[in-house]
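Structural description and commentary
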Amino acid sequence: MFQLIIFFISIQTFSQTTWTNFNTDNSPIPYNQVNSLEFGNSQNSSNNIFIGTSYGLSILELDNFNLPNNSWISIYETDIKDGLIGNEIINIQKDINDKMWICTTEGISILDFEYSQGEIISEQWSYINSNNSEIQSDMVKSILFEENNKTWIGSTGGLTIKENENWETFSFENQGIYSNNIKKIIKNYLTNEIYIGTLNGGFQLYNNNTFESYNNTNSGLIDNTINDFIFDNNNNLIITSPYGGLEVLTNSGNWLTLNTGTYPNLPFFINSLNNVIVDNNNNLWISTVENGLIQYSNDNWIFYNEENSGLSDNKINCLKYDSLYNRLWIGTETKGLTILDLNFISNSLTNQKITEFKPHFSNNNLILNNSEIGVCRIYNRIGKLIHIEKITKKNTTIYLQNLYPEIYIIQFETIDEIFTKGLIFST
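Now for a look at the structure at hand. (Residues numbered from 1 in each chain as written. Predicted model: local features only at pLDDT ≥ 70, side-chain atom pairs only at ≥ 80, totals over all residues. Heavy atoms only, no water.)

Quick look at the packing of aromatic side chains
On inspection of all chains with the given rule, the structure shows 21 aromatic pairs. With a centroid separation of 5.0 Å and an interplanar angle of 70°, the aromatic rings of W152 and Y206 are classed as edge-to-face. Note that W152 is positioned in strand β12 (residues 150-155) and Y206 in strand β17 (residues 203-207), a separation of 54 residues in sequence. A relative accessible area of 1% means that W152 is categorised as buried. Its relative accessible area of 13% is what places Y206 among the buried residues. Their ring planes at 65° and their centres at 5.2 Å tell us that F170 and F211 sit as a pair that is edge-to-face. One end of the pair, F170, is in strand β14 (residues 166-170); the other, F211, is in strand β18 (residues 210-214), with 41 residues separating them in the sequence. Put simply, the rings of W152, F170, F172, Y206 and F211 pair up and form one aromatic cluster. (Phe/Tyr/Trp six-rings, centres within 6.5 Å; stacked < 30°, edge-to-face > 60°. Helix = DSSP H or I, 4+ residues; strand = E, 2+ residues; numbered from the N terminus. Buried < 20%, exposed > 50% of the residue type's maximum accessible area, 1.4 Å probe, protein only.)

Describing the pattern of salt bridges
Per the stated rule, a full pass over the model turns up six salt bridges. Across the pair E38 and K320 runs a salt bridge whose closest N-O atoms are separated by 2.9 Å. Of this pair, E38 sits in strand β3 (residues 34-39) while K320 sits in strand β27 (residues 316-322), and the two are 282 residues apart along the sequence. Take E38: its relative accessible area is 9%, and that puts it in the buried class. (Salt bridge = Lys/Arg side-chain N within 4 Å of Asp/Glu carboxyl O.)

A look at unusual backbone geometry
Unlike most non-glycine residues, N200 shows phi in positive territory, near 70°. Topologically, N200 is positioned in the loop between β16 (193-198) and β17.

Here we look at the side chain of D232
When you line up the elements, D232 lands in the loop between β19 (228-231) and β20 (237-241). Buried and without a salt bridge, D232 has K184 as its closest oppositely charged side chain, separated by 14 Å. A polar contact of 2.8 Å, which involves the side chain of D232, links it to the backbone nitrogen of N236. (Lys, Arg positive; Asp, Glu negative; His and termini not counted. Polar contact = N/O pair within 3.5 Å; in protein donor to acceptor, adjacent residues only side chain to side chain.)

Comments concerning a nonpolar patch on the surface
The grouping of Y31, Y55 and Y76 at the surface amounts to a nonpolar patch, some 300 Å² of accessible area in total. Among the structural elements, Y76 can be located in the loop between β6 (70-75) and β7 (89-94). Of the residues examined, Y76 reaches a relative accessible area of 31% and is grouped as partly exposed. (Patch = residues over 30% accessible without salt bridge, like charges linked within 9 Å, V, L, I, M, F, W, Y side chains within 5 Å. Areas by Shrake-Rupley, 256 points an atom, 1.4 Å probe, with all protein chains shown as cover.)

So, the environment of I398
Mapped onto the elements of the fold, I398 is located in strand β34 (residues 397-399). A sequence separation of 33 residues divides I398 from N365, and the C-alpha atoms of the two residues are 5.6 Å apart. What I398 contacts, discounting residues up to four positions off in sequence, is N364, N365, L366, C376, H387, E389 and I391. (Contact = heavy atoms within 4.5 Å.)

Focus on the sheet that holds strand β33 (residues 385-391)
The four strands are arranged β33-β32-β35-β36 in an open sheet whose pairing can be described as antiparallel. The two strands at the open ends of the sheet, each matched to only one other strand, are β33 and β36 (418-425). Each strand of the sheet is rotated relative to its neighbour by a mean of 20°, with strand direction disregarded. Where strand β32 (residues 374-379) and β33 come together, six bridges link them in antiparallel fashion. The residue bridging R377 from the neighbouring strand is I388, located in β33. (Pairing = 2+ DSSP bridges. Axes fitted to C-alpha atoms, helices over the stretch in contact; angles between N-to-C directions.)

So, the nonpolar core
In this structure, I238, L246, L284, I286, I294 and W301 are the most contacted members of the largest nonpolar core, which totals 17 residues. The leading source of residues in this core is strand β23 (residues 273-278), at three residues. With residues up to four places along the chain from it excluded, the contact list for I286 reads T240, L246, L273, N275, V276, G292, L293, I294 and L319. One finds F357, F361, I391 and L423 within the second-largest nonpolar core, a separate group that totals 16 residues. (Core = buried A, V, L, I, M, F, W, Y, C linked by side-chain atoms within 4.5 Å.)

Next comes the structure, spelled out in structure tokens:
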């Protein structure tokens, strides 16, 4: 159950060393307004990262342990056959076959590609828009890909489902308060229910071929605009909105509202929230509309802004979380891209514990230096799992074979937390 009993507000000064910023002054990023972020060939930022701006696309290959060493590719709309269908990118999502769906104000550019050492070595483009498909608007804000070739496409004109070569459209406008302007589509993978958030129309829940509406007239929802929503590690639905603050539909069906109406000691901007993600330790990271970033953890509220941290811009357009490296990627309105390394945030109890996790290699063995039991996973640099082992005692040594000299990511999962550490193995 999602519980809020007491809270602590923290506005402090945070070390600049945990923040990395890329903008048009210090990098080849094409434009400082970053609207969407997506990981490319891997499930994390160890390979290439697609950065959608209001004037073109960047593909960044980041050296995760030597941040200045990186390569960039920029792609723009062109008059020739291949390339973007439009330069103003509003959303990027990767399908189950690792194709990149780059949504612009002119429709969707789909890139099927192979990438190696800072270069695209092969590429094939295809396009979807309101002229050649059943989508009801060229502005697609959210897509959900399912394993059975079923794709849910949410645009400013409504919901379209593509299943293989079949198309089906849905309209909610004829149901009174409801809206066809789709902002976010997610799936509850425990129940297989689909949640469709809208602008000014609350959200629709799809289950067993039927839609059920939730809005401020028939539920505990306060604000009918869903800017973002996500399920936390306890299967509570976390909702952000522009006026209602943080709203929670718990896994037991109860509603909680966190805003200045229910908690007057919180600052006014807690009512105007944009994006939300959940990290490995069930912390919430929430972007405000124009007042920076919020971390919520264990009834504590910590606020990050331009004045007290390395955040480059208080106006945040998008968030993307790398669960392997435990990094938060932040796209801003006017100052480009910011990366926050959550492993070194020292202002929460969770991250203080993470800094105490100090495994190291000795020959071909991993000395875990663990004080708890759990499960240890070892990944290589590109995020491939190479070893998993149940840890049943403290200070365990993991015996490994055939390790190559490179960077490895050590994840140790206990009953309460997930610890992450990057290590270099050398012979």
